[in-house]
Each structure stands twice: as structure tokens, then as C-alpha cells.
Amino acid sequence: MQNLYIRYFDREAVVTSVDEAMDFLCSIREIKIETNVADRINAFLESGNMYPFRLKVSYSNYVLFLKTEANSLDEFREIEEMRRSQKIDEHSRTMSIAEKKKSIMDELKTINPGWYEGSLLFKRVVMVPETGKFEYQDTRFTVRCLAESALECYERMIDNLKCRRDVDQRSQFPSAKSSNFSYKFLCEA
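(A) How the structure looks around the side chain of Asn3. For Asn3, the position within the fold is in strand S1 (residues 3-8). Here Asn3 falls in the buried class, since its relative accessible area comes to 2%. At 3.1 Å, the side chain of Asn3 forms a polar contact with the side chain of Asn71.

Laid out in C-alpha cells, this is it:
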């Protein structure tokens, strides 16, 4: 059974029926109740809509209605606090992933001239002789090259593959940040 959380500025309540919602609204003097308000609240309660419902009660003021499983105002507040803390946790995890990607790019861009061994796994377009159709095939490409940084090693590998006649232009190459590209610094030039 779904209940309703209702808030009008600093006044709030959790109610279990449309009648209780109407009693709450009637207890607030500045709200003028229209004749179809109970029907509108009931329609929201019975709908599959989980978004908040805002009931306009004056030129610029609204009453907020939310569906909830909570049976009391304290329980609703606890549920909302848990939801907020989960959102904060998700945000901090997202931030750490973004920071991780940034640190990978910083490492790739670090200037360290010398010989690198780069290896990447890419989706190469090849023709299947039996059918004459094309398909993607995972292909490992490894090279040793002279570069200023790991990123330059990656870029030189991609440029080389794109210029080769035996590599179809529709082939797909991984990002330098992906796990499908790896490199090893061999020695200074």
C-alpha cells in the first residue's frame, strides 16, 4: 500500500488516504481548496506515476505530494536520508572513476623519450571467404617504436594501422585509456 508524503513550505505529513490528505490541506488557512482537489490527489495516488505531484494552491505556491512506502513522517525522513547518502556515495564513486581516467591520461602524456613497446587489441574488419560477408575480428597488434611518451606511441600505432592497405577503414580502434592498449617503456633512445 502506498502512502503520501505532503509538504507545504515547513508543514509536512505522511497520510494513508485522500481523506487524510484533504484534512491536512484544510488545516492550513492560506490554502484555498478547489472542488476537484480530492479527485486530482486520488488520480495521482492510483496512477503508476512515481514523479512528484505539485498541486497549485495560489499564484506561485504549490503543495508537493510524493508516493512513499513510509508509514510515518520519521520513517519517511529516514528513507530520504538513506537515499541521499546513497546518492552521495554514487557521486563519490563517479568522481573517483573520473579522477582515475585523468590520472591514466596524465601518465600517458608524461614526457619520457625512448623506445616503447605498445600493444593494442582492435576490432579488425575481415572478409569471411565462405560467405563473402565482413565481420569484426579481435586482432592484437604489437610494435616497438621511438616516442616521446606512451600517448605518442599509441598515436603512432593508430596512424600506422589506418594507413595500411591490409587494414579495412571500418576497423575500430580502442582508446588509449582503455584496457585494450598497453605499453612498456624499454629504454632511453
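(B) Structural context of the sheet that holds strand S6 (residues 134-147). Across the sheet, which stays open at both edges, the 3 strands sit in the order S6-S5-S7 with antiparallel pairing between neighbours. Strands at the two margins of the open sheet, each flanked by one partner only, are S6 and strand S7 (181-187). In this sheet, adjacent strand axes meet at a mean angle of 20° when their direction is disregarded. Bridge analysis of strand S5 (residues 114-127) against S7 gives 6 bridges, and the strand direction is antiparallel. Residue pairing in the sheet places Trp115 in a bridge with Cys187 of S7.

(C) Expanded view of the sheet that holds strand S2 (residues 11-15). Pairing is antiparallel across the open sheet formed by 4 strands, whose spatial order is S2-S1-S4-S3. What marks the edges here is a single partner per strand, and that holds for S2 and strand S3 (53-56). Ignoring which end each strand starts from, the neighbouring axes of this sheet average 20° apart. Note that S1 and S2 share 5 bridges and pair antiparallel. Residue pairing across strands places Ile6 opposite Ala13, the latter belonging to S2. Each of S1, S2, S3 and strand S4 (62-68) touches helix H1 (residues 18-26); the most contacted strand, S2, lies at about 165° to it.

(D) Fine view of H1. Of the residues making up H1, those classed as buried are Val18, Ala21, Met22, Phe24 and Leu25. An end-on view of H1 places all buried positions within 160° of arc, on one side of the element. Turned more than 90 degrees off the buried face of H1, the exposed positions are Asp19, Asp23 and Cys26. On its buried side, H1 packs onto S1, S2, helix H2 (37-46), S3 and S4.

Calculation notes
- Residues numbered from 1 in each chain as written.
- Predicted model: local features only at pLDDT ≥ 70, side-chain atom pairs only at ≥ 80, totals over all residues.
- Heavy atoms only, no water.
- Helix = DSSP H or I, 4+ residues; strand = E, 2+ residues; numbered from the N terminus.
- Buried < 20%, exposed > 50% of the residue type's maximum accessible area, 1.4 Å probe, protein only.
- Polar contact = N/O pair within 3.5 Å; in protein donor to acceptor, adjacent residues only side chain to side chain.
- Pairing = 2+ DSSP bridges.
- Axes fitted to C-alpha atoms, helices over the stretch in contact; angles between N-to-C directions.
- Contact = heavy atoms within 4.5 Å.
- Arc of directions from axis to C-beta.

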